[in-house]
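Understanding the architecture of this molecule
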Amino acid sequence: MLAIHPSSANPRIADLIARRRPGWSLEQPFYTDGDVFAADLERVFRRNWLFAGHANRIPQAGDYFLHDFAGDSLIFIRGDDGEVRGLFNMCRHRGSHICLELAGQTRKLVCPYHQWVYEKDGSLAAAPGMPPDLDRGEFGLFPVATRVVAGMIFICFAKEPPDFTGIGEAIHGHLKPYELGRAKICHTRTYQVRANWKLMEENFRECYHCPVGHPEYCRVAMPQGESPEEIAAYRVAQHERWARSGLSLLDIGFTAENGFHCARYPMRPGFVTESLDGQPVAPLLGRLSEPDAGILAIVMFPNFWFEASADYACSMRRTPLSPTLCEVEATWLVHPDAVEGQDYDVERVTAFWRITGEQDWTLCENNQAGVNSSRYVPGPYAPAERGPETFVRWYLRALAGEHEREPASAR
Ligand code: FES
Ligand SMILES: [Fe+2]
């Protein structure tokens, strides 16, 4: 049983956490209740690192895009120094949104209400009509903690964010040869899935549903008649080959404490990339020299999922919108010099994860619809569902405030 941190103020939620039956799915309020949802946002999302998007969207100084999270609008803008900063889209005069377009290019950030002017780094440049003794240094836009790794922007709303060093190094080490910071955004697709964000994470953490739910995925990534011995030998051979090529084999498994996973593993023998036929769909990324770099998987609770083959990468950013609605933004990346229609076809690059993802959204929506039932009660996880169990344990610890009581180095 989890000890509840004193700051877990809501006794009903504390009771729900305390009586959770290990190895079983969660009780209904975790997937439907407004108070639990508010606590999820406050204690789980706002206190951990989140994936916000790709810096490749804003290659030039002054390029920006917005990302909304639970009532906060954030501006991600590239400065004259080349750095990407995350700023609250909230004027320090009387609070107006400053940027109104979802993305754009600007020399300065000018509030549309009374025209206060901010630099790209968020500092206040001008406040027309205000007394000359206004201390402009006091009125810069509020920043959100931001780290950019391999061209991916991670943010944390917490005043004292958890240590990101280990995760940042793991992602950097794996993705260095892919040069994703320079990659080209091939396609972006946004989904609104009628399911609680945790049902979606549970779904992605198990493959119990894969044999029937994902025929396309299984054809490429799961054994289809190969013996366990053949699979094991192939895995060893591939690992040796990748080690010789200098590719990172760092393997970090999820625990209830770390909320992070990265690993490189092979597809089926003869299949080199996550495409419908397992064959390349785009030029090799970055400095990769062989078409089979396996599947590189990187996942960070609560909202980041990423997989890369040698020829393209796909990320998914999950943003909870209500207890029963979650947005997913999927982005596909290819080599910066790849020319659409010549070197790649968007349909072929995106098909594998578009089809697999959409199958999952349907499964999750069906799951939510049933969980909404007056007769829903938790059910037992299968042995193949250790992943969801680990996620749920991590989630409950975060919700109870356990992570905050541990020194950052232990996580
Ligand atoms: S609210 Fe922005 S200038 Fe007044
Ligand atoms: Fe799935």
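Residues numbered from 1 in each chain as written. Chains lettered and ligands numbered in written order. Predicted model: local features only at pLDDT ≥ 70, side-chain atom pairs only at ≥ 80, totals over all residues.

1. Some details on the overall build of the protein
Quick note on the threshold: The way it works is that DSSP assigns letters per residue, a run of H or I at least four long becomes a helix, a run of E at least two long becomes a strand, and they are numbered from the N terminus. We compute the radius of gyration from the C-alpha atoms alone; for a globule the expected value is 2.2 Å times N to the 0.38, where N is the number of residues. Exposed residues have 12 or fewer other C-beta atoms within 10 Å of their own C-beta, buried residues have 20 or more, and residues in between are partly exposed; the C-beta atoms are placed from the backbone. Residue pairs are scored as contacts if the distance between their C-beta atoms, which are placed from the backbone, is within 7 Å.
A tally of regular secondary structure across the protein gives ten helices and 16 strands. Compactness check: the protein gives a C-alpha radius of gyration of 22 Å against a globular reference of 22 Å for 411 residues, within 12% of the reference. A total of 411 residues make up the protein; the buried ones form 39% of that total. Summarising the internal contacts of the protein: among those between residues at least 6 apart in sequence, 65% fall at separations of at least 24.

2. Let's talk about the sheet that holds strand 8 (residues 124-126)
One key point about sheets: their strands pair by backbone hydrogen bonds, in either a parallel or an antiparallel sense. The criterion, for reference: Note: two strands are recorded as paired if DSSP finds a minimum of 2 bridges between them.
Read across the sheet, three strands follow the order 6-7-8 without closing on themselves; strand pairing throughout is antiparallel. The open sheet terminates on both sides in strands that have one partner only, identified here as strand 6 (109-110) and strand 8. Of the pairings in the sheet, the one linking strand 6 to strand 7 (residues 117-118) comprises two bridges and is antiparallel in character. Bridge assignment links Leu109 to a residue of strand 7, and that residue is Tyr118.

3. Quick look at the domain arrangement of the protein
Heads up, the condition is: These domain boundaries are the output of an automatic or database domain assignment. The classification used treats Ala, Val, Leu, Ile, Met, Phe, Trp, Tyr, Cys and Pro as nonpolar, Asp, Glu, Lys and Arg as charged, and all other residues, Gly among them, as polar.
The assigned domain composition of the protein is domain 1 (50-148) and domain 2 (182-399). If you average the C-alpha positions of domain 1 and of domain 2, the two centres end up 33 Å apart. Opposite the seven residues of domain 1 that make contact, domain 2 presents eight residues. Among the elements that take part in the side of domain 1 that touches domain 2, strand 1 (residues 50-54) stands out by supplying four residues, more than any other. When grouped by side-chain class, the residues that make up the side of domain 1 that touches domain 2 number three nonpolar, three polar and one charged.

4. Section: the nonpolar core
This is how the line gets drawn: By definition, a nonpolar core groups buried Ala, Val, Leu, Ile, Met, Phe, Trp, Tyr and Cys residues that are joined through C-beta atoms within 7 Å.
Judged by nonpolar contacts, the single largest core of 103 residues is most densely connected at Phe76, Tyr312, Ala313 and Val334. With eight residues, helix 10 (residues 386-400) is the single largest residue contributor to this core. Residues from two domains meet in this core; each of domain 1 (50-148) and domain 2 (182-399) gives at least three.

5. Some remarks on the packing of helix 5 (residues 197-204) against helix 9 (residues 346-371)
Selection rule: Note on definitions: angles span 0 to 180 degrees between N-to-C directions of axes, and those axes are lines fitted to C-alpha atoms, for helices only across the stretch in contact. In what follows, roughly perpendicular refers to angles from 65 to 115 degrees, roughly parallel to angles under 35, roughly antiparallel to angles over 145, and oblique to any angle outside these ranges. Crossings are sorted by hand: turned counterclockwise from the far helix by less than a right angle, the near helix makes the crossing left-handed, and turned clockwise it makes it right-handed.
Remark: helix 5 packs on helix 9, axes separated minimally by 10 Å, with the N-to-C direction vectors making an angle of 130°. The orientation of helix 5 with respect to helix 9, classified from their angle, is oblique. Once helix 5 is placed against helix 9, the crossing between them reads as right-handed. On helix 9, the residues touching Leu199, Met200, Asn203 and Phe204 of helix 5 are Asp360, Leu363, Cys364, Asn367 and Gln368.

6. Quick notes on unusual backbone geometry
Only a minority of non-glycine residues have a phi that is not negative, and only a minority of peptide bonds are not trans. Cis geometry is found at the peptide bond from Phe301 to Pro302, where omega equals 5°. Structurally, Pro302 can be placed in the loop between strand 13 (295-300) and strand 14 (304-308). Phi at Ala70 is positive, roughly 45°, even though this residue is not glycine. Within the secondary structure, Ala70 sits in the loop between strand 2 (63-69) and strand 3 (72-78).

7. Topic: the sheet that holds strand 9 (residues 145-149)
Spatially, the three strands line up as an open sheet ordered 1-10-9, and their pairing is antiparallel. Sheet topology places strand 1 and strand 9 at the edges, where each strand pairs with a single neighbour. Along the sheet, successive strands turn relative to each other by an average axial angle of 30°, direction set aside. Sheet topology places strand 9 next to strand 10 (residues 152-156); five bridges connect them, and they run antiparallel. Among the inter-strand pairings, Ala145 is bridged to a residue of strand 10, identified as Cys156.

8. Some points on the environment of Glu83
Within the element layout of this structure, Glu83 appears in the loop between strand 3 and strand 4 (84-88). Overall, the presence of 14 C-beta atoms within 10 Å leaves Glu83 in the partly exposed class. Separated by 13 residues in sequence, Glu83 and Ala70 have C-alpha atoms that sit 25 Å apart.

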